[in-house]
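Chain by chain, the residues:
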Amino acid sequence: MTEEKEWDQTEILTLPSESVEVKDLLDSPGIEKASRLLLDGHCVAFPTETVYGLGANGLDEKACAKIFEIKGRPQDNPLILHTSSLDMLEDLISARARSSLPSLRALMDKAWPGPLTLIFEKSAKVPDVVTAAGPTIAIRMPKNPIALALIEKTGHPLAAPSANRSGRPSPTKAQDVYEDLQGLIPLILDGGPCQIGIESTVLDLSGNQAMILRPGYFTKEDLDPYFDQVAYDQSLLTEGEIPKSPGQKYRHYAPKAQMYILLADNLEKIDACLEDFIQDHGDQKVGVLLFEENRPQKGADESLSQGSIHDLQGLSQSLFANLREMDRRQVDIIYAVGLKEESGLALSIMNRMKKSASQQIIYCS
Ligand code: TXA
Ligand code: MG
């Protein structure tokens, strides 16, 4: 689907995001300009600590509808509202959900601002377009000072999905957003590369039991101490189950190339397996995503490092960036070395990798 270009130019404005305080950004020309556009009903892309977001005033129905058009996003996939304060949060959730807040205080103190999205019963204030007409609302308080300053300056919660065209890998740099949305939005705030690189953990608190609908930086082990029990949505554990989070059922994070994940008991087996596969592709351009500990693959047309296999944070930060770089290098096939232990952050990373590869996994024996 190609969206009609509304803007002659998409401006990229660079702002500092490290060692800077929200109050020092509030009156910067970048934040002023972005918040004016948002208040006028337009969409603006901005950095968060996870991935770049495509923001709109979350209480403006028409502006939120534009997000779906610009991204080519299915209408049944609800949006996350981003807040900069607990006061802002209270307006967005039902009286019943508000009464549960004291028991969530310790969790919020730990995780907010940060990469955790919480799902509550919604209040009447939240437009239907944001929740896909459902009874619940997803909310997070991002950590990036540019994001916080933008929300505070605008004075409203910002609806913001990842700022990619639907189905593409999430953007972790302003340039990634530009490649997907150039001409479709007036402004991208550039705060440099995102530190975390995969999207927030989505935790549903609207039912009887806390449930992880999308794994992310905060793991089940991080969340367990705050609840009697934290469950995983069954679809994260069993293939074929329908996910509770609408967004999880779509083809996602996909590079243009065919992607395969390689798994084995040890990296030597993967090295040997890769050497064989690379030979077999004739005219097709083959890219490999290796760990530092892998043997270099001289036969590959393109090779990128995912960092050390022991540095999961480095891997989460580089995953989407590497997939987009492979697209820029126009490879036809990507072989990516995966993680065989799936717990903690490794589970979240493998969740994204498997979706990127449309679940195509090769076990090297
Ligand atoms: O890190 C993030 O969460 C990024 C940054 C920009 O904040 N945002 C993000 O948004 O990843 P998006 O729209 O790409 O993903 C939101 C996910 C989708 O899987 C969606 O289906 C789910 O959250 N979601 C949103 N509201 C929901 C709700 N009320 N119930 C269940 N799932 C919901
Ligand atoms: Mg997304």
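Asks: Honestly, unusual backbone geometry in this entry has me stumped. Any pointers?
Replies: Peptide bonds are, in most cases, trans, and in most cases residues other than glycine have a negative phi. Backbone torsion omega between Trp 112 and Pro 113 reads -10°, so that peptide bond is classified as cis. Here Pro 113 lies in the loop between helix H6 (101-111) and strand E5 (116-121). With phi around 65°, Ala 133 is a residue other than glycine that occupies positive phi space. As for its placement among the helices and strands, Ala 133 is situated in the loop between helix H7 (128-131) and strand E6 (136-140). One non-glycine residue, Gln 330, lies in positive phi territory at about 55°. Secondary-structure assignment places Gln 330 in the loop between helix H13 (312-328) and strand E15 (333-337).

Asks: Before we go on, may I ask you to explain the pattern of salt bridges in this structure?
Replies: Charged atoms that come close allow side chains of opposite charge to pair. Summed over the entire model, instances satisfying the criterion amount to 24 salt bridges. Of the charged contacts in the structure, one is a salt bridge between Asp 91 and Lys 125, with a shortest N-O distance of 2.9 Å. Here the residue Asp 91 occupies a position in the loop between helix H4 (86-90) and helix H5 (95-99), and Lys 125 occupies one in the loop between E5 and H7, the gap between them amounting to 34 residues. On the basis of relative accessible area, Lys 125 is assigned to the partly exposed category, the value being 44%.

Asks: I would appreciate a short explanation of H13 in the present structure.
Replies: In an α-helix, one full turn covers 3.6 residues, which means residues spaced three or four apart are oriented alike. For H13, built from 17 residues, the straight-helix expectation of 24 Å at 1.5 Å per residue is met to within 8% by its first-to-last C-alpha distance of 24 Å. Most pronounced at Ser 318, the bend in H13 amounts to some 40°. Counting buried positions along H13 yields 12 of 17 residues, so the element is predominantly enclosed. All of the buried residues in H13 are Gly 314, Leu 315, Ser 316, Ser 318, Leu 319, Phe 320, Ala 321, Asn 322, Leu 323, Arg 324, Met 326 and Asp 327. Phi turns positive, to about 55°, at Gln 330, one or two residues after H13.

Asks: Help me understand the nonpolar core, please; the structure alone is not making it clear to me.
Replies: A general feature of soluble globular proteins is that nonpolar side chains tend to end up buried together. In this structure, Trp 112, Leu 116, Leu 118, Phe 120, Ile 185 and Leu 203 are the most contacted members of the largest nonpolar core, which totals 51 residues. With 41 residues, the next largest nonpolar core counts Leu 267, Leu 315, Ile 333 and Ala 357 among its residues.

Asks: I would appreciate a short explanation of the state of the cysteines in the present structure.
Replies: Where two cysteines share a covalent bond between their sulfur atoms, that bond is called a disulfide. With the rule as written, the count across this model stands at one disulfide. Paired through a disulfide, Cys 273 and Cys 364 show a sulfur-sulfur distance of 2.4 Å. Its torsion about the S-S bond being -85°, the disulfide of Cys 273 and Cys 364 is classed as left-handed. With Cys 273 in helix H12 (residues 267-279) and Cys 364 in the segment after strand E16 (361-363), this residue pair connects regions lying 91 residues apart in the sequence. Neither residue differs from the other here; Cys 273 and Cys 364 are each classed as buried.

Asks: In this structure, what is going on with the site of ligand 1? I would like to understand it.
Replies: Within the structure, ligand 1 sits among 25 residues, and Thr 50, Asn 77, His 82, Ser 200 and Gly 247 are positioned closest to it. One of the side-chain N or O atoms of Arg 73 is found 2.8 Å from an oxygen atom in ligand 1. Asn 77 is positioned with one of its side-chain polar atoms (N or O) 2.6 Å from an oxygen atom of ligand 1. For ligand 1, the protein covers 96% of the area, taking 680 Å² as the surface of the free molecule. At a threshold of 2 Å from the grid points, most atoms of ligand 1 map onto the largest pocket. Of all the elements in the fold, those that place two or more residues in the shell around ligand 1 are strand E4 (80-82), E6 and strand E10 (210-214). Ranked by residue count, the leading element in the shell around ligand 1 is E6, at three residues. Each residue belonging to the shell around ligand 1 can be placed in one class, and the counts come to 11 nonpolar, 10 polar and four charged.

The rules behind the values
Residues numbered from 1 in each chain as written. Chains lettered and ligands numbered in written order. Predicted model: local features only at pLDDT ≥ 70, side-chain atom pairs only at ≥ 80, totals over all residues. Heavy atoms only, no water. Helix = DSSP H or I, 4+ residues; strand = E, 2+ residues; numbered from the N terminus. Salt bridge = Lys/Arg side-chain N within 4 Å of Asp/Glu carboxyl O. Buried < 20%, exposed > 50% of the residue type's maximum accessible area, 1.4 Å probe, protein only. Expected span 1.5 Å × (residues − 1). Bend = angle between axes of the 7 residues up to and from the residue. Core = buried A, V, L, I, M, F, W, Y, C linked by side-chain atoms within 4.5 Å. Disulfide = S-S within 2.5 Å. Near = heavy atom within 4 Å. Polar contact = N/O pair within 3.5 Å; in protein donor to acceptor, adjacent residues only side chain to side chain. Areas by Shrake-Rupley, 256 points an atom, 1.4 Å probe, with all protein chains shown as cover. 1 Å grid on protein atoms, 1.4 Å probe; cavity = no way out; pocket = protein on both sides within 12 Å on 5 of 7 lines; lining within 4 Å. Sits in = over half its atoms within 2 Å of the grid points. Nonpolar A, V, L, I, M, F, W, Y, C, P; charged D, E, K, R; others polar.

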